[in-house]
Amino acid sequence: MKVKVTGSLSLEKKLKELKNMKTKEKVSFDELFNEKFMIKYTNFNSINELMVKCNISTEDDLTTNFDLLEKEIKHNTKFSSWEDMKHTAAQEHIKKKLDKIFK
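Summary of the structure given here.

Conventions used here
- Residues numbered from 1 in each chain as written.
- Predicted model: local features only at pLDDT ≥ 70, side-chain atom pairs only at ≥ 80, totals over all residues.
- Heavy atoms only, no water.
- Helix = DSSP H or I, 4+ residues; strand = E, 2+ residues; numbered from the N terminus.
- Buried < 20%, exposed > 50% of the residue type's maximum accessible area, 1.4 Å probe, protein only.
- Contact = heavy atoms within 4.5 Å.
- Areas by Shrake-Rupley, 256 points an atom, 1.4 Å probe, with all protein chains shown as cover.
- Patch = residues over 30% accessible without salt bridge, like charges linked within 9 Å, V, L, I, M, F, W, Y side chains within 5 Å.
- Salt bridge = Lys/Arg side-chain N within 4 Å of Asp/Glu carboxyl O.
- Lys, Arg positive; Asp, Glu negative; His and termini not counted.
- Charge placed at Lys NZ, Arg CZ, Asp CG, Glu CD.
- Core = buried A, V, L, I, M, F, W, Y, C linked by side-chain atoms within 4.5 Å.

Moving on, we get to the overall build of the protein chain. When helices and strands are counted, the protein chain shows seven helices and zero strands. Per-residue burial for the protein chain yields a buried fraction of 27% across its 103 residues. Taking the intrachain contacts of the protein chain between residues at least 6 apart in sequence as the baseline, contacts between residues at least 24 apart amount to 52%. Here the protein chain displays about 8,200 Å² of accessible surface, and carbon together with sulfur accounts for 54% of that area.

This part covers unusual backbone geometry. Peptide bonds are mostly trans, and most non-glycine residues show a negative phi. For N55, which is not glycine, the phi dihedral falls at a positive 55 degrees. With a relative accessible area of 53%, N55 lands in the exposed category.

A word on a positive patch on the surface. Taken together, the side chains of K36, K96, K100 and K103 define a basic patch exposed on the protein surface. Structurally, K103 is set in the segment after α7 (82–101).

In this section: the nonpolar core. Ranked by internal contacts, the top residues of the largest apolar core, which has 17 residues, are F33, L50 and M85. Elements represented by at least two residues in this core include exactly α3 (35–41), α4 (47–53), α6 (66–76) and α7.

By the definition in use, this model includes four salt bridges. Between E83 and K86 there is a salt bridge, and its shortest N-O distance comes to 2.9 Å. Here K86 and E83 lie together in helix α7, a separation of three residues that amounts to about one turn. By relative accessible area, which is 29% here, K86 ends up partly exposed. D99 is the partner of K95 in a salt bridge, and the nearest nitrogen-oxygen pair spans 2.9 Å. Here the residue K95 and the residue D99 both occupy positions in helix α7, the gap between them amounting to four residues, near one helical turn.

Structure representation (structure tokens):
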């Protein structure tokens, strides 16, 4: 019995795109914590809104006001910590990239 495989060129192309994906890339806060993500998982419409509430506008502020950020995340999001929130955002970002390749 013979089996005919079709679409292998398409699969090869997609695997090549996957191989060429950057293993490390810089992603802005606005892209990582986009409006859709924030509305789905938090009581905020944007990452900016959360940062303003925590008096964070610089990297130094993040260190200084980290306890306030953690408190806001625990009370106003579906996450238990900033690390948990960042991890989920990164996962969703990667999934979106993969979905574009394998659509």
